[in-house]
Amino acid sequence: MIMGLTGDSKGQLLCQLAELVKEISGLPECRNSCKKTHGTLVRRIKLLSPLFEELRDGNEESMVKIEEIKGFELLKSALDSTKKLLQSINEGSKLYQALQKDQVAYKFQQMTETIEAALSEIPYDKLDISEEVREQIELVHAQFRRAKGRPESPDLQLEHDLAIVQKEKDPDPAILKRLSDKLQLRTINDLTKESVALHELVIASGEDLGERIEEMASLLKKLKDFVLTENPEADTSEGEKGLMKHRSPVIPDDFRCPISLELMKDPVIVSTGQTYERSCIQKWLDAGHKTCPKTQQTLLHTALTPNYVLKSLIALWCESNGVELPKKQGTCRSRKAGSSASDCDRTAIITLLEKLANGNSEQQRAAAGELRLLAKRNADNRVCIAEAGAIPLLVELLSSTDPRTQEHAVTALLNLSINDSNKGTIVNAGAIPDIVDVLKNGSMEARENAAATLFSLSVIDENKVAIGAAGAIPALIKLLCEGSPRGKKDAATAIFNLSIYQGNKARAVRAGIVPPLMRLLKDAGGGMVDEALAILAILASHHEGRAAIGQADPIPVLLEVIRTGSPRNRENAAAILWSLCTSNLEQLKIAKDFGAEEALKDLSETGTDRAKRKAGSILELLQQLEVKEGAVSLSSL
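Just so you know, these numbers come straight off a predicted model, no measurement behind them. (Residues numbered from 1 in each chain as written. Predicted model: local features only at pLDDT ≥ 70, side-chain atom pairs only at ≥ 80, totals over all residues. Heavy atoms only, no water.)

**A short note on the overall build of the protein**
To keep things clear, this is the line we draw: Numbered from the N terminus, helices here are DSSP runs of H or I no shorter than four residues, and strands are runs of E no shorter than two. Exposure classes here rest on a 1.4 Å probe applied to the protein chains alone. A residue is buried below 20% of its type maximum, exposed above 50%, and partly exposed in between. The criterion used for residue contact is that any of the two residues' heavy atoms lie within 4.5 Å. What sets the accessible areas is the Shrake-Rupley method with a 1.4 Å probe; for residues, cover comes only from the shown protein chains.
For the protein, the helix and strand inventory stands at 34 helices and five strands. Put simply, the protein has 637 residues, and 45% of those count as buried. Long-range contacts, defined as pairs at least 24 residues apart, comprise 71% of the intrachain contacts of the protein with a sequence gap of at least 6. Split by element, the accessible area of the protein, about 31700 Å² in all, is 51% carbon and sulfur.

Put into structure tokens, the structure is as follows:
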């Protein structure tokens, strides 16, 4: 049995505590809406310094009782967590913290309670310290104790100003001035740093921030316009202006394409979540590669999703740094004749459209097949075919009674939809209901390509709503259950993308998506585990989704994935488990009974950043459950 620690061990622990206090005390002053709370916590922690210094410099031969060391160990853990929180507040997005003020305040409150609990484990009267230091530490402890039961009062003025600026198109400049001062976003340099912090938040979160990102981007734009109007030269002294003429700004790494290392002009996201310049990743895919260049993970599909958030951040950075925004390549009309072997043949396309519009059924089928192949071949053809007016004619052929014609038409639209500007033309031509009808009643190949087309169109947020309302989700679920391996993947990617919209989550759950997903998840050899987990993770953020998943006995298989799955699958399994355990005590108890603690401890050390956060949160809940169960057991004695 351990009864005490040597002087060396004691000295090491006390040195670590003293160093932590020093590091926290040396953190930069907080310059955002958390300034008061941040400053108060740092000030209180700084007052602990004399305790550790005096104990460290005291009698080396003295022994410290084990219950005292327990308090010091708890305090070290609490101060470690506090340092990370304070650093994240300093470095994070000010707008996000202001909009998420309740969650941020809760984190500060948690840290206060944790430090107070650790201090309660240290019996100061038994320590070899001076009366003066003992009085100071007891005073600090009393401050933490009072703060534990008295959270900081909300900043009502800030809440009011944020609400007004979000709601009004042209807010009162006085309100913008107050908000700019409160958030310390007074200069273009401040706003540029905020735009980068906002981008890092999107990249690091790995979660669907949805409307919150749009709110922050809108707020940032209004503040930037205000700052430029009020003080356009705010950031640049005369000397700095001279220097800036002779230097180029350093491009943030996240703004560079991982392939070309150049500033991105048209950033797109692949299925692994990585972002690339469209032309670079398209060349990679056209060369036959099936993996993500950066992570080497196999791509679930080759659809490219525009990264609108990053594109707007790059535009803001370029504007703030005097950099000319890169321009996209022109369409085929701007190319000189014969300049490229891939230039479209407009004469051939017009001939095919004539057959599509006025030919007999065989000519229409053949023309649709030719357009399908031309649209697949290259980007120039996709632009030219759309400009020639093919899309409305192809949409009409979706209702053809000839299965092959229908298949050619939907696949041609799929290939044309790769071009972003064509997506709107396809939807405006009234294609969505007809594509859904093909998904329900067409041949298997037509159904699979209809699913892929709906996925491509659903990249545009407003289309997610229209596709869901058109009844696509039940048909996609049916394809997920009975399609070929490729068809199942097409259905899964479409369902995933549609479920980003909150209303479609409920539609998917009510259409019975959860049982087939659980079957796919439990069938490790079926090749659909990745997709099933990704969809379940997004459905688990909806209350109906959580309830349905909870009824499907998910805990054992989720824990098995956490123990043995790939990094991304472990992350998604942890996210689902977190959603279940934070909303349902029974699920938490089941997880405990199935040995979740050991699997989550390993994940908290070896998982992705998001997985570590989820694992840590569930472990805290399990510890709280253990304390409650222990208290109940004691009370029954």
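**Some thoughts on the packing of aromatic side chains**
Threshold: The rule is short: rings of Phe, Tyr and Trp, with Trp giving its six-membered ring, pair when the centres are within 6.5 Å, and they are stacked under 30 degrees, edge-to-face over 60, tilted in between. Geometrically, a charge over a ring is one whose NZ (Lys) or CZ (Arg) sits within 6 Å of the ring centre while staying within 35 degrees of the ring normal.
Using the criterion set out here, one finds zero aromatic pairs in the structure. Positioned over the ring face of Trp578 is Lys614, at 3.8 Å from the centre of the ring.

**Focus: the UniProt feature "repeat: ARM" (unreviewed entry) in the protein**
The line we're drawing: UniProt positions are given in the numbering used here, feature names are shortened, and annotations may be inferred rather than shown by experiment.
Per the UniProt entry, the sites bearing "repeat: ARM" (unreviewed entry) are residues 389–431, 430–472, 471–513 and 512–549 in this numbering. Annotation note: span residues 512–549, helix share 71%, strand share 0%, distance between end C-alpha atoms 11 Å.

**A short note on the packing of helix H6 (residues 101–120) against helix H7 (residues 131–148)**
This is how it is decided: The convention used is that axes are lines fitted to C-alpha atoms, helices contributing only their stretch in contact, and that angles between N-to-C directions extend from 0 to 180 degrees. What sets the label is the angle itself: under 35 degrees gives roughly parallel, over 145 gives roughly antiparallel, 65 to 115 gives roughly perpendicular, and the rest give oblique. For any helix crossing, the convention is left-handed if the near helix is rotated counterclockwise from the far helix by under a right angle, and right-handed if that rotation is clockwise. Charged means Asp, Glu, Lys or Arg here, nonpolar means Ala, Val, Leu, Ile, Met, Phe, Trp, Tyr, Cys or Pro, and polar covers whatever is left, Gly included.
At a closest axis distance of 9 Å, the pairing of H6 and H7 adopts a crossing angle of 135°. Classified by the interaxial angle, the pair formed by H6 and H7 is oblique. The chirality of how H6 crosses H7 is left-handed. Judged by residue contacts, Gln109, Thr112, Glu113, Ile115, Glu116, Leu119 and Ser120 of H6 engage His141, Phe144, Arg145, Ala147 and Lys148 from H7. Among the residues forming the contact of H6 with H7, the class breakdown is four nonpolar, four polar and four charged.

**Description of the environment of Ser421**
The condition is simple: Throughout this description, a polar contact denotes any pair of N or O atoms lying within 3.5 Å of each other; where both atoms belong to protein, one of them has to be capable of donating a hydrogen while the other can accept it, and for residues adjacent in sequence the pair is counted only when both atoms sit in side chains.
Position of Ser421 among the secondary structure elements: in helix H20 (residues 420–428). Residue Ser421 is classed as exposed on the basis of its relative accessible area, which comes to 54%. C-alpha of Ser421 to C-alpha of Ala386: the two residues are 35 residues apart in sequence and 9.3 Å apart in space. At 2.5 Å, the side chain of Ser421 and the side chain of Asn419 are in polar contact.

**Regarding the confidence of the model for the protein**
As a reminder, the rule being used: The quantity known as pLDDT measures the predictor's confidence residue by residue, on a range of 0 to 100.
Put simply, the protein has an average pLDDT of 81, and 85% of its residues get 70 or more. Mean pLDDT across the elements of the protein bottoms out in helix H12 (residues 238–244) (38) and peaks in helix H21 (residues 431–441) (94). Below pLDDT 50 for its whole length, residues 60–67 participates in 12 contacts with residues either more than four positions away or in separate chains. For the stretch residues 328–343, pLDDT sits under 50, and the model shows 24 contacts to residues farther than four places along the chain or on other chains.

**Topic: the nonpolar core**
Defined as follows: Residues grouped as a nonpolar core are buried Ala, Val, Leu, Ile, Met, Phe, Trp, Tyr and Cys residues, joined through side-chain atoms within 4.5 Å.
Counting residues in hydrophobic clusters, the biggest one holds 93 residues, and the most contacted among them are Leu521 and Leu600. A per-element tally of this core places helix H28 (residues 529–539) first, with eight residues. If near-sequence neighbours (up to four positions away) are discounted, Leu521 is found in contact with Val529, Ala532, Leu533, Leu536, Val557, Leu558 and Val561.

**Digging into the sheet that holds strand S4 (residues 275–277)**
For clarity, the cut-off: At least two bridges found by DSSP between two strands are what make those strands a pair.
Judged by pairing direction, the sheet is antiparallel, and its three strands sit side by side in the order S4-S3-S5 without closing on themselves. Edge positions in the open sheet fall to S4 and strand S5 (305–306), since each of these has one partner strand only. Both strand S3 (residues 267–269) and S5 contribute to a ladder of two bridges, which runs antiparallel. By the bridge assignment, Ile269 is partnered in S5 with Thr305. Its contacts with the sheet place helix H13 (residues 278–286) against S3, S4 and S5, and it is angled at close to 95° to S4.

**Some points on the environment of Ile269**
Positionally, Ile269 belongs in strand S3. For the pair Ile269 and Thr302, spaced 33 residues apart in sequence, the C-alpha separation works out to 10.0 Å. Sequence-distant contacts of Ile269, defined by excluding residues within four places in its chain, comprise Gln274, Thr275, Ala303, Leu304, Thr305 and Asn307.

**Observations concerning the side chain of Thr453**
Position of Thr453 relative to the elements: it lies in helix H22 (residues 444–457). Among residues more than four places away in sequence, those in contact with Thr453 are Val410, Leu413, Leu414 and Ile435.

**Here we look at helix H15 (residues 346–358)**
Quick reminder of the rule: Here the expected span of a helix is defined as 1.5 Å times the quantity of residues minus one.
When the terminal C-alpha atoms of H15 are compared, their 18 Å separation across 13 residues agrees well with the 18 Å that a helix rising 1.5 Å per residue should span. Structurally, H15 contributes buried residues whose contacts are with helix H16 (361–377), helix H17 (379–387) and helix H18 (390–397).

**Looking at the pattern of salt bridges**
Put simply, the rule is: Salt bridge, as used here: a side-chain nitrogen of Lys or Arg that lies within 4 Å of a carboxyl oxygen of Asp or Glu.
Counted according to the given criterion, the structure contains 25 salt bridges. Residue Arg278 is joined to Asp266 by a salt bridge in which the shortest nitrogen-to-oxygen separation is 2.7 Å. Here Arg278 is found in helix H13, whereas its partner Asp266 is found in the loop between H12 and S3, with 12 residues between them in sequence. Assigned by exposure class, Arg278 and Asp266 land together as buried. A salt bridge links Arg372 to Glu407, with the shortest nitrogen-to-oxygen separation between them at 3.6 Å. With Arg372 in helix H16 and Glu407 in helix H19 (residues 403–416), this residue pair connects regions lying 35 residues apart in the sequence. The buried category is assigned to Arg372, whose relative accessible area is 15%.

**Notes on H16**
The end-to-end C-alpha distance of H16 is 25 Å, a good match for the 24 Å that 17 residues give at a rise of 1.5 Å each. Buried residues of H16: Gln364, Ala367, Ala368, Gly369, Leu371, Arg372, Leu374 and Ala375, and no others. On its buried face, H16 is in contact with H15, H17, H18, H19 and H22. Here H16 starts with a cap whose side-chain oxygen sits 3.1 Å from the backbone nitrogen of Glu362, and that cap is Asn360.

**Details of a negative patch on the surface**
Convention followed: Without a salt bridge and with relative accessible area above 30%, a residue can belong to a patch; like charges are then joined within 9 Å and nonpolar side chains (Val, Leu, Ile, Met, Phe, Trp, Tyr) within 5 Å. For the charge count, each Lys or Arg is scored as positive and each Asp or Glu as negative, with His and the chain ends excluded. One atom stands in for each charge, and that atom is NZ of Lys, CZ of Arg, CG of Asp or CD of Glu.
A cluster of acidic side chains, namely Asp125, Glu132, Glu135 and Glu138, defines a negative patch on the protein surface. By secondary structure assignment, the location of Glu135 is in helix H7.

**Some points on the packing of H16 against H19**
The interhelical angle for the contact between H16 and H19, taken along N-to-C directions, is 25°, at an axis separation of 8 Å. The orientation of H16 relative to H19 falls into the category roughly parallel. The two elements H16 and H19 cross, and the hand of that crossing is left-handed. Together, Ser361, Arg365, Ala368, Gly369, Leu371, Arg372, Ala375 and Lys376 of H16 and Arg404, Thr405, Glu407, His408, Ala409, Thr411, Ala412, Asn415 and Leu416 of H19 make up the contact between the two elements. For the contact of H16 with H19, a count of residues per class yields six nonpolar, six polar and five charged.

**Details of unusual backbone geometry**
Positive phi is not limited to glycine here, since Gln184 has a value of about 55°. Tracing the backbone through its elements, the reader meets Gln184 in the loop between helix H9 (173–182) and helix H10 (188–205). For Gln184, a relative accessible area of 13% puts it in the buried group. The phi dihedral of Asp553 falls on the positive side, at around 50°, and the residue is not glycine.

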